[in-house]
Amino acid sequence: MVPQTKGMNSEVCRMVLKEFKISCAEIILREDITVDQFIDVIEGNRAYIPVLYVFNKIDALTIEELDILDQMPNYVPISSQHQWNLEELMEEIWDRCNMMRIYTKPRGQIPDYDEPVILHSERNPTVEEFCNRIHRTLIDQFSHAWVWGKSAKHQPQRCGKEHRLMDEDVVQIVKKAG
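As the structure is a computational prediction, the values presented were derived from the model and not from experiment. (Residues numbered from 1 in each chain as written. Predicted model: local features only at pLDDT ≥ 70, side-chain atom pairs only at ≥ 80, totals over all residues. Heavy atoms only, no water.)

Trainee: Outline the sheet that holds strand β5 (residues 142-148), listing residues and values.
Mentor: One open sheet holds the 5 strands; their spatial order is β4-β3-β7-β5-β6, and the pairing between them is mixed. The open sheet has two edge strands with one neighbour each: β4 (112-120) and β6 (157-159). With direction set aside, neighbouring strand axes in the sheet form an average angle of 35 degrees. Note: β5 against β6, 3 bridges, orientation antiparallel. Its bridge partner being in β6, Ala 145 is matched across the sheet by Cys 159. With respect to the sheet, helix α5 (residues 127-134) is in contact with β3 (99-104), β4, β5 and β7 (169-175), its orientation differing from that of β4 by roughly 115 degrees. (Pairing = 2+ DSSP bridges. Helix = DSSP H or I, 4+ residues; strand = E, 2+ residues; numbered from the N terminus. Axes fitted to C-alpha atoms, helices over the stretch in contact; angles between N-to-C directions. Contact = heavy atoms within 4.5 Å.)

Right under this line is the structure:
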């Protein structure tokens, strides 16, 4: 059980379960929650999703106000007028959505950094999943791939279809001859 600082403890848990006529249950709390959140989970009528607060017009705030905002979790301050922190906002969105960008590189050309292939990073995508995202029949013609980026041990690295990709890797697919 994670240490609870928002009012939950084993006695409160037991009383809430008794109220819902649950007499035998094993409860594991993997995060610090409130009693209301616990009740919502038991009732099953609420779904808690991650949140990211984006505060605009930070150019109009004082340092003291920014210090107060800095105490809040899950926020990114921006100024759309002056285009401050927009890059940080984009990185935060990518991280929180567990998405990664994989760039394609046609043979003999420079990589296409304008239109990446988007994959979900929570499953640690492979070259095979990358190929299936481009076209379902591409994996049937697959010979190997050249990979540049964080997942490659050296630049470029010749990889098979089981190779695990990382964010902003560049991949060149080589088809079978014939």
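Trainee: So, the pattern of salt bridges: which residues are in play, and what are the values?
Mentor: Applying the stated criterion across every chain yields a total of 5 salt bridges. Notably, a salt bridge pairs Glu 92 with Arg 96, separated by 2.8 Å at the nearest N-O pair. Of this pair, Glu 92 and Arg 96 both sit in helix α4 (residues 86-96), 4 residues apart, roughly one helical turn. For Asp 167, the salt bridge identified is with Arg 101, shortest N-O distance 3.0 Å. Of this pair, Asp 167 sits in the loop between β6 and β7 while Arg 101 is found in strand β3, placing the two residues 66 residues apart along the sequence. Residue class for Arg 101 comes out buried when judged on its relative accessible area of 8%. Where salt bridges share partners, they join Glu 91, Arg 101, Asp 167 and Glu 168 into one cluster. (Salt bridge = Lys/Arg side-chain N within 4 Å of Asp/Glu carboxyl O. Buried < 20%, exposed > 50% of the residue type's maximum accessible area, 1.4 Å probe, protein only.)

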